[in-house]
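Okay, here's what each chain looks like letter by letter:
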Amino acid sequence: MSGRRQGGADAVLTEETLTAAERAAVQSVPDGLFIGGRWRPATAAMPVIDPATGRELRTVADATPEEGMTALDAAAAAQPQWARTPARERSDILMRAHRLLLDEADRLALIATLEMGKPLAEARGEITYAAEFFRWFAEEAVRLDGGYMPAPGGGSRFLVTKQPVGPSLLITPWNFPMAMGARKIGPALAAGCTCVVKPAEQTPLCTLALAEILHRAGAPAGVVNVVTTANPGPLMTPLILDPRSRKLSFTGSTAVGKTLLEQCARTVMRTSMELGGNAPFLVFDDADLDAAVDGALAAKMRNIGQACTAANRFFVHRHVAADFAERLTARMAQLPLGPGTEPGVVVGPLIDADAVAKVTELVADARARGAQILLGGEPLDGPGNFYPATVLTDVPDEALICHTEVFGPVACLSTFDTEDEVLDRANDTPYGLVGYVYTESLRRGLRVSEALDTGMVGLNQGVVSNPAAPFGGVKESGLGREGGLVGIDEFLEIKYIGVPL
């Protein structure tokens, strides 16, 4: 994609058009609904927009509620046979999908960048990350164990086994469309569950490409079904309320997650919820500041700040606050901004105009409450949804930005004096997904990590996501875990069988 790329807040984009390679990548993705092992044309279509230009990339199917129900019919029909399929066969399918993702990483990364906006280097990393979920759960598929024990009172034996929960509804977000699809589909298939996948309306191409890869990898008809829609409520509500649906896995906002939980309660459906975050990033006075700044950039600027794990509130000890702010500002000022397809770009566009408006409002509120702007602070003119890397300091705790998931490239800094004080402030939020701690003291690091009300902690590291680790939060950041040894358990029921002697 052609265009001008600059660092800092003065970047201006020129008119842009798709190159032949970009057009070929976008057109390589089927545009229909994937139901029952085949691609079906839909009765309506919806546009897919390039956030770097605001232009339409192409159109894809916009499913109706009736077409969504057809997808559930296919998943329910395929469930009994898929549950009986030997674990080794399920594992082999996921391993073939793993290899296909890696073999086609360049094409898939380009698709992700064009529809979501993230820099191409990050998109390639996401494809590798997605592939690793398939490999991890391919390995877990053949390790589903149970238990055997004598009854304490004698006279019988207890057998414990695990069985697939059944047809699963998987709702994926727009910020990591390929990885989140793999993180949900991988354990579902490994456990023996069929699924209906509904991707975010902003980024359907990645999920459609993922369905095509799983089809080529040998997933039987009806095991994976994908329905794309611009109006998810009317499509998903009947599927959630249908008693054949036995599992819902959702990644998205806390507000939407609460609504879905209310709907799932009607049929007592199993749920996994990976919801919003408000991650604190704590820098103590003994921290290695070079490492802390590196970690801050990773935790804040990954995916242009559009990640639930993004550092939202930086608490820096008063003795090192000025030094940390100076170093972080200097580093962020050098981050190239532009379309994600441009070489070297680190700060791509936000997903849509609403995202830019939200970040703009939060920064303005913080400034009105006394925060100082060290870098950026204003949206950019011109095509695309661009907001520059921004650093705020002296941000008061009452600012809206300290209580709202920013989802943008804005670092909000404030100071603290004592460990007890910063823990109280860090935990003063209904969210609890992840926190970050930088200190050279092992005792303090473990003590503070255990005291943070979060499901995950990065201790002297700015990235916590790993397919082999259990990902998830506490409080209003969600229920259940994805990845790790426990990730497959979210798609399994435990059955106890009593056997008399």
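Named according to an unreviewed UniProt entry, the chain is NAD-dependent succinate-semialdehyde dehydrogenase originating from Nocardia speluncae. Regarding the chain, the relevant UniProt record gives this comment under Sequence similarities (unreviewed entry): "Belongs to the aldehyde dehydrogenase family."

Per the domain assignment, the segments of the chain are domain 1 (20–275 + 479–496) and domain 2 (279–466). Using C-alpha coordinates to define each centre, domain 1 is positioned 30 Å away from domain 2. With 24 residues of domain 1 at the interface, the matching set in domain 2 holds 27 residues. Counting every contact that joins domain 1 to domain 2 gives zero salt bridges. Counting across the domain 1 and domain 2 interface gives six residue pairs in polar contact (both at pLDDT 80 or more). Within the residue set of the side of domain 1 that touches domain 2, elements represented by two or more residues are helix H4 (105–116) and helix H5 (120–141). A total of five residues in the side of domain 1 that touches domain 2 trace back to one element, the largest contributor, which is H4. Here the side of domain 1 that touches domain 2 is composed, by residue class, of eleven nonpolar, seven polar and six charged.

It is worth spelling out the nonpolar core at this point. Core analysis: the largest hydrophobic core is formed by 66 residues, its most contacted members being Leu101, Phe134, Ile185 and Leu189. Sort the elements by how many residues they give to this core and H5 lands first, with twelve residues. Beyond its immediate sequence surroundings of up to four residues, Leu101 is in contact with Leu108, Ile127, Ala130, Ala131, Phe134, Met178, Leu210 and Ile213.

As a further point, take the UniProt feature "domain: Aldehyde dehydrogenase" (unreviewed entry) in the chain. Annotation from UniProt places "domain: Aldehyde dehydrogenase" (unreviewed entry) at residues 41–497. Counting secondary structure, residues 41–497 comes out at 40% helix and 21% strand; the distance between its end C-alpha atoms is 46 Å.

Another point: the pairing of strand E5 (residues 56–61). Here five bridges tie strand E4 (residues 45–49) to E5, and the two strands are oriented antiparallel to one another. Paired with Ala45 across the bridge in E5 is Ala61. Between the antiparallel neighbours E4 and E5 lie six residues, among them Gly54 with a positive phi of about 80°.

A separate point is helix H7 (residues 204–217). Counted at 1.5 Å a residue, the expected span for H7 with its 14 residues is 20 Å, and the 20 Å between its end C-alpha atoms agrees. Counting buried residues along H7, twelve of its 14 residues qualify, which places the element largely inside the surrounding structure. For H7, every residue scored as buried is listed here: Pro204, Leu205, Cys206, Thr207, Leu208, Ala209, Leu210, Ala211, Glu212, Ile213, Leu214 and Ala217.

We now examine the pairing of strand E7 (residues 156–164). Where strand E6 (residues 147–150) lies against E7, four bridges are found, and the strand directions are antiparallel. Looking across to E7, one finds that Gly147 is bridged to Val160. In this structure, the hairpin formed by E6 and E7 is closed by a connection of five residues, where Gly154 is found at a positive phi of approximately 80°. By the bridge criterion, nine bridges tie E7 to strand E24 (residues 492–500) in an arrangement that is antiparallel.

A few words now on helix H9 (residues 254–265). Between the first and last C-alpha of H9 there are 16 Å, a value that for twelve residues agrees with the 16 Å anticipated at 1.5 Å per step. When we look at burial in H9, the residues that qualify are Thr254, Gly257, Leu260, Gln263 and Cys264. Buried residues in H9 make contact with strand E8 (168–171), helix H8 (232–241), strand E11 (247–251), strand E12 (270–274) and strand E19 (431–432).

Once that is clear, we can look at unusual backbone geometry. Phi is positive for Phe407, which is not a glycine, with a value near 55°. Mapping Phe407 onto the fold places it in the loop between strand E17 (390–393) and strand E18 (410–416). Residue Phe407 is classed as buried on the basis of its relative accessible area, which comes to 17%. Backbone geometry at Asn460 places phi at a positive 60°, although glycine is not the residue there.

Mapped onto the secondary structure, Val356 falls in helix H12 (residues 353–368). Residues Val356 and Gly408 lie 52 residues apart in sequence; the distance between their C-alpha atoms is 8.0 Å. What Val356 contacts, discounting residues up to four positions off in sequence, is Leu350, Pro379, Asn385, Phe386 and Tyr387.

Here we take up a nonpolar patch on the surface. On the surface, a cluster of nonpolar side chains totalling about 340 Å² of accessible area is made up of Tyr148, Leu159, Ile497 and Val499. Residue position: Ile497 is located in strand E24. A relative accessible area of 37% means that Ile497 is categorised as partly exposed.

Right, let's talk about the UniProt feature "active site" (unreviewed entry) in the chain for a bit. UniProt records the feature "active site" (unreviewed entry) at Glu274, using the numbering of this structure. Topologically, Glu274 is positioned in strand E12. Once residues lying within four places of it in the same chain are set aside, the contact partners of Glu274 are Arg183, Phe250, Thr251, Gly252, Cys308, Leu433, Phe471, Ser477 and Glu482.

Turning to the pattern of salt bridges, a few remarks are in order. According to the stated counting rule, one finds 29 salt bridges in the structure shown. Close ionic contact of Lys162 with Asp145 constitutes a salt bridge, the shortest N to O distance being 3.6 Å. Of this pair, Lys162 sits in strand E7 while Asp145 sits in the loop between H5 and E6, and the two are 17 residues apart along the sequence. A salt bridge links Glu476 to Lys258, with the shortest nitrogen-to-oxygen separation between them at 3.1 Å.

Conventions and cut-offs
- Residues numbered from 1 in each chain as written.
- Predicted model: local features only at pLDDT ≥ 70, side-chain atom pairs only at ≥ 80, totals over all residues.
- Heavy atoms only, no water.
- UniProt positions renumbered as here; feature names shortened; annotations may be inferred.
- Domains from an automatic or database assignment.
- Contact = heavy atoms within 4.5 Å.
- Salt bridge = Lys/Arg side-chain N within 4 Å of Asp/Glu carboxyl O.
- Polar contact = N/O pair within 3.5 Å; in protein donor to acceptor, adjacent residues only side chain to side chain.
- Helix = DSSP H or I, 4+ residues; strand = E, 2+ residues; numbered from the N terminus.
- Nonpolar A, V, L, I, M, F, W, Y, C, P; charged D, E, K, R; others polar.
- Core = buried A, V, L, I, M, F, W, Y, C linked by side-chain atoms within 4.5 Å.
- Buried < 20%, exposed > 50% of the residue type's maximum accessible area, 1.4 Å probe, protein only.
- Pairing = 2+ DSSP bridges.
- Expected span 1.5 Å × (residues − 1).
- Patch = residues over 30% accessible without salt bridge, like charges linked within 9 Å, V, L, I, M, F, W, Y side chains within 5 Å.
- Areas by Shrake-Rupley, 256 points an atom, 1.4 Å probe, with all protein chains shown as cover.

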